[in-house]
Every structure is written in C-alpha cells, then in structure tokens.
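Observations on the three-dimensional arrangement
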Amino acid sequence: MNILIVGAGVLGSMYAGRLSEGGHDVTVLARGKRLAEIRERGIVLQELGADEPLSVRVEVIEKLDPTAAHDLVLVLVRANQLSSVLPLLAQSRATPNVLFLMNNPDGPDEVVRALGAERVLLGFPCGGGMREGHVVRYVRRRDATPIPTTIGELAGERTDRLATIARAFEQAGLPVTIERNIDAWLKTHAALVMPGVPALRIVGGSNYDLSEDTDTLRLVVAATRESLRVVRALGHPLRPWHVQAIEWLPLPVSVWGLRKLFRSEFAEVALAGHASAAGDEIDSVLSKLRNFGRQQGVPM
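All of the points below concern the structure found in this document. (Residues numbered from 1 in each chain as written. Predicted model: local features only at pLDDT ≥ 70, side-chain atom pairs only at ≥ 80, totals over all residues. Heavy atoms only, no water.)

**Quick notes on the overall build of the protein chain**
Looking only at helices and strands, the protein chain has 13 helices and 14 strands in total. The C-alpha atoms of the protein chain give 19 Å as radius of gyration, which agrees with the globular expectation for 300 residues (19 Å, within 12%). Looking at the protein chain as a whole, 53% of its 300 residues are labelled buried. By sequence separation, contacts in the protein chain at least 24 residues apart represent 71% of the contacts at least 6 residues apart. About 13400 Å² of surface is accessible on the protein chain, with carbon and sulfur atoms providing 51% of the total. The protein chain carries 34 positive and 34 negative side-chain charges, and their two centres are separated by 3 Å. (Helix = DSSP H or I, 4+ residues; strand = E, 2+ residues; numbered from the N terminus. Rg over C-alpha atoms; globule rule 2.2 N^0.38 Å. Buried < 20%, exposed > 50% of the residue type's maximum accessible area, 1.4 Å probe, protein only. Contact = heavy atoms within 4.5 Å. Areas by Shrake-Rupley, 256 points an atom, 1.4 Å probe, with all protein chains shown as cover. Lys, Arg positive; Asp, Glu negative; His and termini not counted. Charge placed at Lys NZ, Arg CZ, Asp CG, Glu CD.)

Rendered as structure tokens:
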C-alpha cells in the first residue's frame, strides 16, 4: 500500500517506521528540524522493552504535491493543529482515503467540510510516547497486551476500505479494532484520559508521584465521571460499552486501578511523556470538554 503520513511527531514516526518495515511504501510529510533529522538519520524508534532501536529509512517530503496519488493518507497531528493541515489535504484530490488518527472530541464536521464525507475516516492511534533527541521512545502494549489502532467509517459501516486498511496495519504488527460509532468512541476517549493531565500537573508531572497521591486519584475518578456524563448529555453512548463500569465501580476499586496504571512504565512513556510535550493540545481538548459541559448544563 502507498501511504502518506502527515505529521512526523512521535506517533507519526512510529506508524511510518512500523508500516515501512511491514512492506508498505511510506512517505512522511515533515518540516523544519524534524525534516532534517529524518533526512540525515532516518526514523529511529525505541520501543519500550526492546533491546535495540530500530532505524528505518523512508521517503520524506517538505511540501504536499496535490497531484500525487496515495492509497491512504494518515493524519497524525495534535488536535489544535488540525485546521492548519486541512487546506493542504483539501487540495490533494487524488487520494480517496484520509484517515485522521488523533484526539477529536468535536466530531467530523470540520474535516467533512474541508474534504467531503466520502474521503474521511476517523480513528485513534495505538500507544504513545515521547522524543529524546532524534530517538522516538514509544509503547504500544499495556500489561503485555497490544493496544489496537481504532478506526471507523462516519456512518458506522464495515466497508472494504476499512478491511484493507486493517490488513495493511496488521501486516505491520499493528492490530486494529473497527468501531461502529467512532464519533462516540473519540468523545468517550477524551473524557477518559484528559482528567489525568491536570492531576499530573498537580503532582509536578510524575506519574509515579501521582500513583501515591490518593486524594488526587479520587479527584481523577470524580472528574472522569463528570466528563462521561457530558458525553451522555451530548446524546452519545459510551464506547466501548465496558467504559460504563467507571460510572458505578466503588471508589476504592477505581482508585486502585488508577494507582496501578500510573505506577507503570506505560504511564511514564505514553501518559506523562505526552502530557509534558503536548500541553497545548491537551489544554485545547480540556477546554472543549468544559465548554460541552456548560452547553449541556452538566456541572463540572
């Protein structure tokens, strides 16, 4: 598959490296210092638990050629950067499939206006990570279980193109879950993960310190339940369905689960690392959740 990746940050680099190693023809759109790094060194990936880093050479471009045809465009940018890349993607009419793998609590309206509904797919990437110099440290497993990439059509169908994309990802060792209500899934995901970021800030950024702070973990549980009520008030079900357990689990059980999560290397790389590097994106998503709450009259 011929794949263009827009966004050369941690996850864009991870997908580029893994898909290239999986036998796909990968091109990365990058700029500035990151463009120079990839041209000089390739993409250097260090997966949590791996003995040696993986160095992958991929084609890298600075500007998007609107006449170039790709089987798939993957967009892996921060939520607050989306508006800046949409005009470029709108010009590239030769590519029929554009998959946005990113935080998106707003829903598909903005991307549909720019590209047309027939070209748009939504989803969320697997894992997370952070950069140390030119090396991308990432994690795509939690408790030894691979985290899938979640993808879906706007109308919820299981289409041939979703199946083709899933096969391409799985060929590269990236498992996929096809979600029938991807908009609800993305809103639920934002409601689940965003309350942990202010909690990390309260304790100075350390996930290990947060794991020992019971009072702040209780706040995370309360804030998560509030955020999930906002998703329901917007008229969306919680997706996946088992997320509903957070609303009724006894508080000590929820705190125990959070303590275990934040005590892990997974949280250090995927949560605390991302929170430190992408504060602008996280503040943007938190602000949207609060605005949704005010609009729906949900106390937060």
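**What to know about the nonpolar core**
If you look at the biggest cluster of nonpolar residues, it comprises 49 residues, and the most contacted ones within it are V75, L89 and F100. Here this core takes six residues from helix 12 (residues 265–277), the largest share from any one element. Setting aside its immediate chain neighbours within four residues, L89 contacts V6, L64, V73, V75, V98, F100, L115 and R119. Ranked by size, the runner-up nonpolar core spans 36 residues in total, among them I5, C126, V136 and A172. (Core = buried A, V, L, I, M, F, W, Y, C linked by side-chain atoms within 4.5 Å.)

**Details of the sheet that holds strand 10 (residues 135–139)**
One open sheet accounts for four strands, arranged 4-3-10-9; its pairing is mixed. Of all strands in the sheet, those with a lone pairing partner are strand 4 (54–56) and strand 9 (128–132), marking the two edges. Across the sheet, the mean angle separating the axes of adjacent strands is 25 degrees when strand polarity is ignored. Two strands pair when backbone bridges link them, and strand 9 and strand 10 are joined in this way by five bridges, in the antiparallel orientation. By the bridge assignment for strand 10, R131 is matched with V136. (Pairing = 2+ DSSP bridges. Axes fitted to C-alpha atoms, helices over the stretch in contact; angles between N-to-C directions.)

**What to know about the environment of L238**
Following the sequence through the fold, L238 ends up in the loop between helix 9 (214–233) and helix 10 (245–248). For L238, a relative accessible area of 4% corresponds to the buried category. Along the backbone, L238 and W185 are 53 residues apart, and their C-alpha atoms lie at a distance of 6.9 Å. Not counting chain neighbours up to four residues away, the residues in contact with L238 comprise T188, L228, V231, R232, V243, Q244 and E247.

**With respect to the pattern of salt bridges**
Using the criterion set out here, one finds 14 salt bridges in the structure. Between R131 and E37 there is a salt bridge whose closest N-O contact spans 3.1 Å. Of this pair, R131 sits in strand 9 while E37 sits in helix 2 (residues 32–41), and the two are 94 residues apart along the sequence. What makes R131 partly exposed here is its relative accessible area of 36%. Using a relative accessible area of 11% as the deciding quantity, one classes E37 as buried. As a salt-bridge pair, R161 and E153 come within 2.7 Å of each other at their nearest N and O atoms. (Salt bridge = Lys/Arg side-chain N within 4 Å of Asp/Glu carboxyl O.)

**A look at the side chain of E179**
Residue position: E179 is located in the loop between strand 14 (176–178) and helix 6 (182–193). What E179 contacts, discounting residues up to four positions off in sequence, is T150, I151, G152, W185 and R239.

**Observations concerning helix 11 (residues 251–262)**
Since one α-helical turn is 3.6 residues long, residues separated by three or four positions face the same way. In a regular helix each residue adds 1.5 Å, so 12 residues correspond to 16 Å; helix 11 covers 16 Å between its end C-alpha atoms and thus fits that length. On its buried face, helix 11 sits against strand 11 (141–142), helix 7 (196–202), helix 8 (207–211), helix 9 and helix 12. (Expected span 1.5 Å × (residues − 1).)

**Some remarks on the packing of aromatic side chains**
One pass over the structure, following the stated rule, counts two aromatic pairs. Both rings, one in Y15 and one in F169, keep their centres 5.7 Å apart while their planes meet at 50 degrees; by these two values the pair is tilted. Taken as a pair, Y15 in helix 1 (residues 10–21) and F169 in helix 5 (residues 160–171) lie far apart in primary sequence, 154 residues in all. A single burial state applies to Y15 and to F169, both of which are buried. (Phe/Tyr/Trp six-rings, centres within 6.5 Å; stacked < 30°, edge-to-face > 60°.)

**A short note on the packing of helix 6 against helix 9**
Between helix 6 and helix 9, the least distance of the axes is 8 Å, while the angle of their chain directions is 160 degrees. Relative to helix 9, the element helix 6 lies roughly antiparallel. Taken as a pair, helix 6 and helix 9 cross one another with a handedness that is right-handed. Judged by residue contacts, K187, T188, A191 and L192 of helix 6 engage T224, S227, L228 and V231 from helix 9. Partitioning the contact of helix 6 with helix 9 into residue classes produces four nonpolar, three polar and one charged. (Parallel < 35°, antiparallel > 145°, perpendicular 65-115°, else oblique. Left-handed = near helix turned anticlockwise from the far one by under 90°. Nonpolar A, V, L, I, M, F, W, Y, C, P; charged D, E, K, R; others polar.)

Distances and angles like these do not, on their own, reveal function.
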